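Coordinate inspection notes
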Amino acid sequence: MLKKLVCCCILFIFFTDIFAQRNFNTDTLKVRVIGQADGIAQLNIKAIAKDDLNYLWLATEDGLHRYNSVDFKIYNNNPLDTLSIPEDHARDLYTANDTLFIASNSKGVFGLKLSNNTFFEISNNLEIPAENTSYKIFPVGNNYLLFSLRNSILLFNRKTKFIKTIPLPKNETENYVKSLYEVGKNNFIMATNATGLLHFNLNDFSVKNYDILDNSSHNSILSHQGLMYVGTENGLYIKNLKTKDTKQIINQDAINCFYLKDDTTILIGGDSGAYSYNTEDGKISKQVFIDQNKERHTPITINDILDDNKGNLWFATDGEGLIHYNEYREKFTTLKVKIASLSDSKKISTFQFLPYKDSTLFLGTTIGLIKYDFNQKKFHQYTNHKKELIYTIAKDDFGNVWAGGFTTGLLKYDAKEERFVEVKTSENYISNRDVIQITPHSKNELLVATWSGGLYIYNIQNNTFSNYYINGKPLNRARTSFIDSKKNLWLGTDEGVYKIEPNKTVTNFTNDAKEGYKISSDRIFGITENSKGDMWFGTSVGLTKLDVNTLKTTLYYKQKGLPNDFIYSILVTENDNIWVSTNFGLSLFDPATKTFTNYTQDDGLQNNEFNGKSGYKDANDTFYFGGIDGINIFKPKHLKTSPYEPKVHIESVELFNKETNKNELYKKTLEFKSNENVLTFNYAAINHLNSAKVDYAYFMEGFDDTWRPITKNKTITYTNLNPGQYVFKVKATNANGEWSSHQDAMQLTIIPPWYKTTLFKIVGFVLLLITSISFYYYKTYRLNLRNQELENLVAKRTTEVSLKNEALHNAYETSLSQKENIKFLMRELQHRVKNNLQIVSSLLNIQSQHIDNEIAQDALQVAKNRILAIANVEEKLKSDSENVNIKEFTISLTNSILGLLADQERLKFNIEYQVEPNHISGLNTTIYGLIINELLTNIAKHAYESYNETNVVVLSCKVENNMLILMINDNGKGYAENDISSFSMGLDLIKDMVFQIDGTLRVDSTRGTSNTIIIPLKN
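Residues numbered from 1 in each chain as written. Predicted model: local features only at pLDDT ≥ 70, side-chain atom pairs only at ≥ 80, totals over all residues. Heavy atoms only, no water.

Turning next to the UniProt feature "transmembrane region" (unreviewed entry) in the chain. The UniProt entry lists residues 759–778 under the feature "transmembrane region" (unreviewed entry), expressed in the numbering used here. Strand forms 0% of residues 759–778 and helix 100%; the C-alpha atoms that close the span are 29 Å apart. (UniProt positions renumbered as here; feature names shortened; annotations may be inferred. Helix = DSSP H or I, 4+ residues; strand = E, 2+ residues; numbered from the N terminus.)

Below you can see the structure in the form of structure tokens.
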């Protein structure tokens, strides 16, 4: 019996001691757990490292992971690819400059050269594969790395690449170094799994026994302020390096790692979770992780801890993935309403607040009225109205507290009885007991708004109600009110905003007003005033600012930066910044920059959904915002924001949607061929604080005129880039929408094809120049030769023409009686005349080329055109036809004339024909053709300054009363009397030809020039 009692006492003392030592204070850390849903391939994370670009690297049993705060890039071994990572199972990581060193399970230690994305071997014993198991990597001195291998350590000189193997003390079991810490220059203490603590001297490479704290594996070691902290499988020991005294402060938990956060705080990772040790008071706190889904992670095995000195703390775990804590994430704390009779998981919505004396706060909630005591941190529910929704609370000038809600009527707080009592009157009671707003109207009066019974004035002294009308009518659902600095009363209703001035003048602001003066919606939930006297309205469809002087409004919607268009409450800060609560968090609007900063549940808000009327600002500039799961209480100027800017990187460039694999992350210049011009840029900002809120903007210098619109996309494709030089730039914001000063840029060169290169253009230009000069000299020589031949031919043909004309004339006189012979001779004559006229025209053309006088050249050109016009007339007519198809003849002749004019210079007008089809006889076609020639020549030279598609010449011809009426009209500049001299010869010639055929000529130059020729037809 005695033995049993002794055993029980021993067991009781033992377990009591264990319980006492493990009963630590707890600190709750709200963290983000990053797991397989986020892209991690395997949840056993053995080590964490960070490179110079701020990328996070994870060692797992299924590949090496690189993390950019959004996505993971995983390096896996591919047996068919010798350039892939040698092994998937990584145990430890260490970064130095642009090299990542990796301790692997079976391939020893190898490195990844980040700048060229290539792996290289360091230690890999092909003869003894068992010695290729590596565990840890430690920096030793300035030049060495120490690799922990099975039963040995390996020293690697980073400068000389020299490797030295040093055996560990022999032991019956496998032995290796698990931790190392420098305790003096070139002197280190190593923690091993089988031989306790060892002393290593870098000068002589000696390894000696130092100490064994217990029989278990010694996992981690840290020396700080004269104390050595050693973590073993059995707990945490502290050894005084001067006195050699040792004490155990944690037992029954394997300690795996340490992280010295600052001089007074050591973070400890163990098999059952994380601890925080205060070196000043010796207190240990257990860190309890609560993730983004409000799930607790305890117990949890911590393998490694990393602090990036930018507010981020990382925990590598076994089976739980990567745990991330950011000290700037929780900008807000939540006061969750808890009632003893209700479950802690019960969500209690809050509405209007009212701070009261003795550090208490009245709350209107879905379970009635509640008072919170800040000192005692306790909630008290007033049970007589616990089933009603309390919507409004107010205090009058006497300090009395009033409340109201749905089906409650008007309630008054009885401080002595500590309860709320409904106001009862013998007469003139309110017709609707749904009280939604209480506003002190005067010292002795309250304005009471009901849901459907209108407005009432309650006289506090007389205990009476009286109706309060707006424009002679009752007003329902005046759910919010505000008294501005000029004593104007503003009411927010479902019919817009009403402004009641002290003189009873009423103004209604609605959504039906004209543009620039309307409000965003007629359903009003919040009203406030800034220091300038401007009014702000929160509506069901956005935010409205009213300039009380001009009555102009400015509307803000989700498209302009709000997180949600449903605005519940509005509060204004000392510097006129506007805070609003919405259905998707809180939003801060800066009127100076016209930018919104949005906050969600990820920032520590009680929930993303808030409630109507649940916004309050007290005399100390403390803001209260309530929602469906508690209250956020804060001072805006004390909000904690991260001072660190995110760094954005161009991670990769794709060509035709395929990776180029040029390690673009470490390159600043890329070259592509001319047909490689469809490029996709992938970029990311490393911002571990609410990375989903990061915005991007990009700009392709040489292609874009300015920065493209803000986007959340992390990729952009440019197509059909022309050969040339470009610079792609990208920038990013932090979670608050502030642009980082860091930008990344990539210089691009699209190489032109060979036929577009500068050298080809120079060679081509030289060849073209030589060819042009040669061709010029050749053409000049041939032209001179041809001119000589033509002059000889003209002289010869002129003699022949004279002789032939004389012979033809004689033949015609002798054969006048023979009609058929005459017709034959006439056809011959026409043919010969046409040829001769063309020869004369050619002579005139040659002659004009040798005359420098422009007037003489012009005269020869006109003469040439007249001769060709006669030739064309002769060509168009048949000598054996007495009738002329006037439409066909006129259009064909005109086109020929225009062709001649176009040879000299580009025509400055377009031609339109309005010719009626007729067959006529008795018309002198030669003079008719010359008249058309002269008129078109005058128009071409004088009517227009330059070509325009609106320049039109209309040629019409018809027969009326045996008269041929020819009209040629232009819409040119016309001419005055003093202009006629410049082309009087042409006009005189036209008049003479019209006179010869007994015709008449009318000229009108009021709008352009109209020429009308009336020619009598002879039967």
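Turning next to the nonpolar core. Note that soluble globular proteins tend to have their nonpolar side chains buried in a common cluster. By size, the foremost hydrophobic cluster in this structure holds 35 residues, and its most contacted members are Leu923, Tyr928, Ile931, Ile932, Leu964, Leu966 and Ile968. Secondary-structure elements contributing two or more residues to this core are helix 5 (886–904), helix 6 (925–943), strand 70 (952–960), strand 71 (963–970), helix 7 (984–996) and strand 73 (1009–1016). Residues within four places of Leu964 in sequence aside, it is in contact with Ile886, Ile920, Leu923, Tyr928, Cys957, Lys958, Val959, Ile1013, Ile1014, Ile1015 and Leu1017. (Core = buried A, V, L, I, M, F, W, Y, C linked by side-chain atoms within 4.5 Å. Buried < 20%, exposed > 50% of the residue type's maximum accessible area, 1.4 Å probe, protein only. Contact = heavy atoms within 4.5 Å.)

Tracing the backbone shows Val959 in strand 70. For the pair Val959 and Ile1014, spaced 55 residues apart in the sequence, the C-alpha separation amounts to 9.5 Å. Residues contacting Val959, with those up to four places away along its chain left out, are Glu916, Asn918, Ile920, Leu964 and Leu1017.

A cluster of nonpolar side chains, namely Ile762, Phe765, Val766, Leu769, Ile770, Ile773, Tyr776 and Tyr777, defines an oily patch on the protein surface of about 850 Å² accessible area. Here Tyr777 lies in helix 2 (residues 758–814). By relative accessible area, which is 58% here, Tyr777 ends up exposed. (Patch = residues over 30% accessible without salt bridge, like charges linked within 9 Å, V, L, I, M, F, W, Y side chains within 5 Å. Areas by Shrake-Rupley, 256 points an atom, 1.4 Å probe, with all protein chains shown as cover. Salt bridge = Lys/Arg side-chain N within 4 Å of Asp/Glu carboxyl O.)

Another point: the pairing of strand 10 (residues 118–123). Looking at chain direction, strand 9 (residues 109–113) and strand 10 are connected through five bridges and run antiparallel. The residue bridging Gly111 from the neighbouring strand is Phe120, located in strand 10. If you look at the hairpin formed by strand 9 and strand 10, you'll find four residues sitting between the two strands, and Asn117 has a positive phi there, around 55°. (Pairing = 2+ DSSP bridges.)

Let's shift gears to the pairing of strand 24 (residues 265–270). Most of strand 24 is tucked away, with six of its six residues classed as buried. In strand 24, alternate side chains face the same way, and those of Thr265, Leu267 and Gly269 on one face and Ile266, Ile268 and Gly270 on the other are all buried. Relative to strand 24, strand 23 (residues 255–262) runs antiparallel, the two being bridged by six bridges. Bridge pairing links Ile255 to Gly270 in strand 24. Two successive antiparallel strands, strand 23 and strand 24, enclose a turn made up of two residues. The pairing of strand 24 with strand 25 (residues 273–278) spans six bridges and is antiparallel. Each bridged residue has a counterpart across the sheet, and for Thr265 the counterpart in strand 25 is Asn278. Taken together, strand 24 and the strand that follows it, strand 25, pair antiparallel across an intervening segment of two residues.

The subject of this paragraph is helix 6. A rise of 1.5 Å per residue sets the reference length of helix 6, with its 19 residues, at 27 Å; its end C-alpha atoms lie 26 Å apart and thus fit the reference within 8%. With respect to burial, helix 6 is a largely interior element, 16 of its 19 residues being buried. (Expected span 1.5 Å × (residues − 1).)

Its location among the elements puts Asp308 in the loop between strand 28 (302–307) and strand 29 (312–317). From its side chain, Asp308 meets the backbone nitrogen of Lys310 in a polar contact 2.8 Å long. Here Asn312 takes part through its side chain, which lies 2.8 Å from a polar atom of the side chain of Asp308. When residues no more than four places from it in sequence are discounted, the contact partners of Asp308 are Lys50 and Trp314. (Polar contact = N/O pair within 3.5 Å; in protein donor to acceptor, adjacent residues only side chain to side chain.)

With that settled, the discussion passes to the pattern of salt bridges. The full count for this structure, using the stated rule, is 29 salt bridges. Here Asp494 ties to Arg523 by a salt bridge, and the two come within 3.8 Å at their closest N and O atoms. Of this pair, Asp494 sits in the loop between strand 45 (489–493) and strand 46 (496–500) while Arg523 sits in the loop between strand 47 (506–509) and strand 48 (524–529), and the two are 29 residues apart along the sequence. Judged by its relative accessible area of 36%, Arg523 falls in the partly exposed class.

A few words now on the packing of aromatic side chains. For the coordinates displayed, the defined rule picks out 63 aromatic pairs. Relative to Phe537, the ring of Trp490 lies with its centre 5.9 Å away and its plane at 45°, an arrangement referred to as tilted. Of this pair, Trp490 sits in strand 45 while Phe537 sits in strand 49 (residues 535–539); the two residues are 47 residues apart in sequence, bridging distant segments of the chain. The same class applies to Trp490 as to Phe537, namely buried. Pairing Trp536 with Tyr556 gives two aromatic rings, centres 6.1 Å apart and planes at 20°, and the pair type is stacked. Linking Trp536 in strand 49 with Tyr556 in strand 51 (residues 553–556), this pair joins segments that are 20 residues apart in sequence. Sitting over the ring of Tyr556, Lys560 keeps its end group 5.7 Å from the ring centre. The aromatic ring of Trp707 is capped on one face by Lys731, whose charged end is 4.5 Å from the ring centroid. (Phe/Tyr/Trp six-rings, centres within 6.5 Å; stacked < 30°, edge-to-face > 60°. Lys NZ or Arg CZ within 6 Å of the ring centre and 35° of its normal.)

Here the focus is the sheet that holds strand 32 (residues 350–356). Pairing in this open sheet of four strands is antiparallel, and the strands run 32-33-34-35 from one edge to the other. Strand pairing shows two members of the sheet lacking a second neighbour, strand 32 and strand 35 (378–381), which therefore form its edges. For this sheet, the mean inter-axis angle between neighbouring strands, taken without regard to orientation, is 25°. (Axes fitted to C-alpha atoms, helices over the stretch in contact; angles between N-to-C directions.)

Another aspect to go through is a negative patch on the surface. Taken together, the side chains of Asp262, Asp263, Glu280 and Asp281 define an acidic patch exposed on the protein surface. Mapped onto the elements of the fold, Glu280 is located in the loop between strand 25 and strand 26 (284–290). (Lys, Arg positive; Asp, Glu negative; His and termini not counted. Charge placed at Lys NZ, Arg CZ, Asp CG, Glu CD.)

Here we take up the sheet that holds strand 53 (residues 578–582). Working definition: the strands of a sheet are paired by backbone hydrogen bonds and lie parallel or antiparallel to each other. With antiparallel pairing, four strands are arranged side by side in an open sheet as 52-53-54-55. Only two strands of the sheet have a single neighbouring strand rather than two, namely strand 52 (567–572) and strand 55 (595–599). Strand-to-strand twist of the sheet, defined as the mean angle between neighbouring strand axes without regard to direction, takes the value 20°. Sheet topology note: the strand 54 (residues 585–590)/strand 55 ladder contains five bridges and is antiparallel. Bridging from a neighbouring strand, Leu588 pairs with Thr597 of strand 55.

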